[in-house]
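These are the residues of each chain, in order.
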Amino acid sequence: MDITLVKYIEDDFDSFKRMVSDEETMRFITGIVWTEDDARLQFDAMLRMNTQHEKLGFFKVVNQKNEFIGNCSLESYKYDAAILEIGYVLKREFWRMGYGTAILQQLVYKANNSYPNMDVIAIIDPENEASRKLLCKNGFESYFRGMEDGKFSEKFILKNLHAD
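Residues numbered from 1 in each chain as written. Predicted model: local features only at pLDDT ≥ 70, side-chain atom pairs only at ≥ 80, totals over all residues. Heavy atoms only, no water.

(A) Region of interest: the nonpolar core. Core analysis: the biggest nonpolar cluster contains 44 residues, and F16 and F140 have the highest contact counts within it. Per-element accounting of this core gives the leading share, seven residues, to helix α4 (residues 99-114). Dropping the residues within four chain positions of it, F16 is found in contact with Y8, W34, A39, Q42, F43, M46, F68 and N71. (Core = buried A, V, L, I, M, F, W, Y, C linked by side-chain atoms within 4.5 Å. Buried < 20%, exposed > 50% of the residue type's maximum accessible area, 1.4 Å probe, protein only. Helix = DSSP H or I, 4+ residues; strand = E, 2+ residues; numbered from the N terminus. Contact = heavy atoms within 4.5 Å.)

(B) Representation of the sheet that holds strand β2 (residues 57-63) in the model. Across the sheet, seven strands lie side by side as β1-β2-β3-β4-β5-β7-β6; this open sheet has mixed pairing. Sheet topology places β1 (3-7) and β6 (141-148) at the edges, where each strand pairs with a single neighbour. The mean angle between the axes of side-by-side strands here comes to 30°, regardless of whether they run parallel or antiparallel. As paired elements, β1 and β2 share five bridges and run antiparallel to each other. Paired with V6 across the two strands is K60, which belongs to β2. Packing against the sheet, helix α1 (residues 13-20) makes contact with β3 (68-77) and β4 (80-90), and its axis sits at approximately 90° to β3. Across the face of the sheet, α4 comes into contact with β1, β2, β3, β4, β5 (119-124) and β7 (151-158) while running at roughly 160° to β4. (Pairing = 2+ DSSP bridges. Axes fitted to C-alpha atoms, helices over the stretch in contact; angles between N-to-C directions.)

None of this, on its own, says anything about what the molecule does.
Next up, the structure:
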């Protein structure tokens, strides 16, 4: 599956806003659609992070036709800077086409190339069976299921084989 991850720029806001305004797309992400103000706040924070880190950040995902198909991230885990966290969202019309696997594989590759001794985690809604299957299929293992930050979540980890 031919996809490209490109750091967001200001011109990408409308595509991002349309994605996070879709109820079905956001069902397992936040449980609610984002208002334009919510989307703007998040997008501006993503742009700031993108300027602060060369290899970490938030990326738009485009397919071989250069269509915006989703969003993904590679960042330091907020509770442990020695761990990387990945995230991904696909626009609904691109579900079940293999793009999730392609995004996950590119994020893991990017993590391993840039930070070869760090474990990678992903945090999902436990009801998101598609994400659970995707993570397990790609070597991630569930290690936490419960309440965190006021949300029921499940965490998966991919242990780095290069770590000492």
